[in-house]
Amino acid sequence: MWEVSGGWQQLWADCHLQVPSAAVHPLALALGPHGTDAPVSDSWVPSAVPCSLSAALSSEAKEESKKPVVTFQAHDGPVYSMVSTDRHLLSAGDGEVKAWLWAEMLKKGCKELWRRQPPYRTSLEVPEINALLLVPKENSLILAGGDCQLHTMDLETGTFTRVLRGHTDYIHCLALRERSPEVLSGGEDGAVRLWDLRTAKEVQTIEVYKHEECSRPHNGRWIGCLATDSDWMVCGGGPALTLWHLRSSTPTTVFPIRAPQKHVTFYQDLILSAGQGRCVNQWQLSGELKAQVPGSSPGLLSLSLNQQPAAPECKVLTAAGNSCRVDVFTNLGYRAFSLSF
């Protein structure tokens, strides 16, 4: 954890690797309560570390405010994914998801509030859960990963209510269409699948690698990132980063970047992406590269954009990847500083 400025609510967390810096590889970032917090997870060691963005952003910030204060054990194995509600941090590891109270994280001996395991086919199956997605209107959580299925959990009761089957290989990413009760999933099988949460049925499949303008056989067919905005979707991985019109299943823009992208998001009239290489890429919807902003990691695995913070000065973009640093961008034009552990 990092020193908290202004009260317990201003918490910034990350799950990271407690080994020499050369081996640290954060995988995910997630905003905490009031938009002032951003957890980071990695694929090696099951630790959790909160810090304060408001303290680090202060004009009187010292180096100590950018370093951890306390660490707690989150999982027995790696931490692959995290999401946050106003009260809880949810973390996923091998075969299970856990909930933690934000208000308890700074206390010694922090313990999970609950843990749940999806109904797998056999008791011996312990697949990775590397994608979590909150569905606020349903007060539910969707989990996906190594068992090639999407599991829906009711956050009120803690029970699993649906299993969505269709992928034939590992699922890497999830995205929610907020205007309709639909979720998209992308995986190692090269397909983006659209699911209707009302009927628990697959309603659309886009096999991206089969489209000549997107296909890059030398990189594989896997889909590693996707995001949605109304009738539009952007996805990438092995195939090229591409903007799609969902209703017509048509690729409209293929972005001219060779390196596979690991994270993508819509932001205002831009698309932000990151992957192999140290830059956060800013794209016009037309495919024009507006800017490339370098970070401190040689490769980026996760972006977290704080669009509705409690305080205007906490409106930031954070990026993490193949280093022991989490880069903080106070505007999209440059990296202001890095948090380190």
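Data block above holds the structure.
Residues numbered from 1 in each chain as written. Predicted model: local features only at pLDDT ≥ 70, side-chain atom pairs only at ≥ 80, totals over all residues. Heavy atoms only, no water.

### Examining the overall build of the chain
Turning to step 1, where the next piece is worked out: Looking only at helices and strands, one finds one helix and 29 strands in the chain.
Turning to step 2, where the next piece is worked out: Per-residue burial over the chain gives 57% buried out of 341 residues.
Turning to step 3, where the next piece is worked out: In the chain, 50% of the contacts between residues at least 6 apart in sequence involve partners at least 24 apart. (Helix = DSSP H or I, 4+ residues; strand = E, 2+ residues; numbered from the N terminus. Buried < 20%, exposed > 50% of the residue type's maximum accessible area, 1.4 Å probe, protein only. Contact = heavy atoms within 4.5 Å.)

### A short note on a positive patch on the surface
Turning to step 1, where the next piece is worked out: Positive charge collects at one region of the surface, where K67, R278, R325 and R335 lie side by side.
Turning to step 2, where the next piece is worked out: On the secondary structure map, R325 appears in strand β28 (residues 325–329).
Turning to step 3, where the next piece is worked out: Under the relative-accessibility criterion, R325 is labelled partly exposed at 36%. (Patch = residues over 30% accessible without salt bridge, like charges linked within 9 Å, V, L, I, M, F, W, Y side chains within 5 Å. Areas by Shrake-Rupley, 256 points an atom, 1.4 Å probe, with all protein chains shown as cover. Salt bridge = Lys/Arg side-chain N within 4 Å of Asp/Glu carboxyl O. Lys, Arg positive; Asp, Glu negative; His and termini not counted. Charge placed at Lys NZ, Arg CZ, Asp CG, Glu CD.)

### Describing the sheet that holds strand β12 (residues 149–154)
Turning to step 1, where the next piece is worked out: The strand order across the open sheet built from four strands is β10-β11-β12-β13, with neighbouring strands paired in antiparallel fashion. Whereas interior strands pair on both sides, the edge strands pair on one side only; in this sheet they are β10 (129–135) and β13 (160–165). Between one strand axis and the next, the sheet turns by 20° as a mean value, whatever way the strands run. (Pairing = 2+ DSSP bridges. Axes fitted to C-alpha atoms, helices over the stretch in contact; angles between N-to-C directions.)

### A look at the pattern of salt bridges
A side chain of one charge can pair with a side chain of the opposite charge if their charged atoms are brought near each other.
Turning to step 1, where the next piece is worked out: Under the defined criterion, the tally for this structure stands at 12 salt bridges.
Turning to step 2, where the next piece is worked out: Each of the salt bridges in this network shares a partner with another, and the network as a whole consists of E96, K98, E112 and R115.

### So, the packing of aromatic side chains
Turning to step 1, where the next piece is worked out: Counting across every chain of the model gives one aromatic pair.
Turning to step 2, where the next piece is worked out: When the centroid spacing of 5.3 Å and the interplanar angle of 55° are considered together, the rings of F255 and W283 count as tilted. You can see F255 sitting in the loop between β21 (250–254) and β22 (261–267) and its partner W283 sitting in strand β24 (residues 279–284), a full 28 residues away along the chain.
Turning to step 3, where the next piece is worked out: Assessed through its relative accessible area of 2%, F255 is described here as buried.
Turning to step 4, where the next piece is worked out: Given the relative accessible area of 1%, W283 is considered buried.
Turning to step 5, where the next piece is worked out: The ring centre of Y209 lies 4.1 Å from the NZ or CZ of R221, which sits over that ring. (Phe/Tyr/Trp six-rings, centres within 6.5 Å; stacked < 30°, edge-to-face > 60°. Lys NZ or Arg CZ within 6 Å of the ring centre and 35° of its normal.)

### Looking at the environment of C110
Turning to step 1, where the next piece is worked out: Tracing the chain through its elements places C110 in the loop between β8 (97–101) and β9 (114–116).
Turning to step 2, where the next piece is worked out: Taking the C-alpha atoms as reference points, C110 and Q73, separated by 37 residues in sequence, lie 8.2 Å from one another.
Turning to step 3, where the next piece is worked out: Ignoring anything within four residues of it in the chain, the contact list for C110 reads F72, W100, E104 and M105.

### Section: the nonpolar core
Turning to step 1, where the next piece is worked out: Ranked by size, the top nonpolar core spans 14 residues in total, and within it V192, V208, L226, M233 and C235 carry the most contacts.
Turning to step 2, where the next piece is worked out: Breaking this core down by element, the ones donating at least two residues are β14 (171–177), β16 (191–196), β18 (223–229) and β19 (232–237).
Turning to step 3, where the next piece is worked out: Aside from chain neighbours lying at most four places away, what touches V192 is L184, S185, Q204, T205, I206, V208, I223, L226, M233 and C235. (Core = buried A, V, L, I, M, F, W, Y, C linked by side-chain atoms within 4.5 Å.)

### Things to note about unusual backbone geometry
Turning to step 1, where the next piece is worked out: For C148, which is not a glycine, the phi torsion comes out positive at approximately 65°.
Turning to step 2, where the next piece is worked out: With respect to the element layout, C148 can be found in the loop between β11 (140–145) and β12.
Turning to step 3, where the next piece is worked out: The buried category is assigned to C148, whose relative accessible area is 17%.

Distances and angles like these do not, on their own, reveal function.
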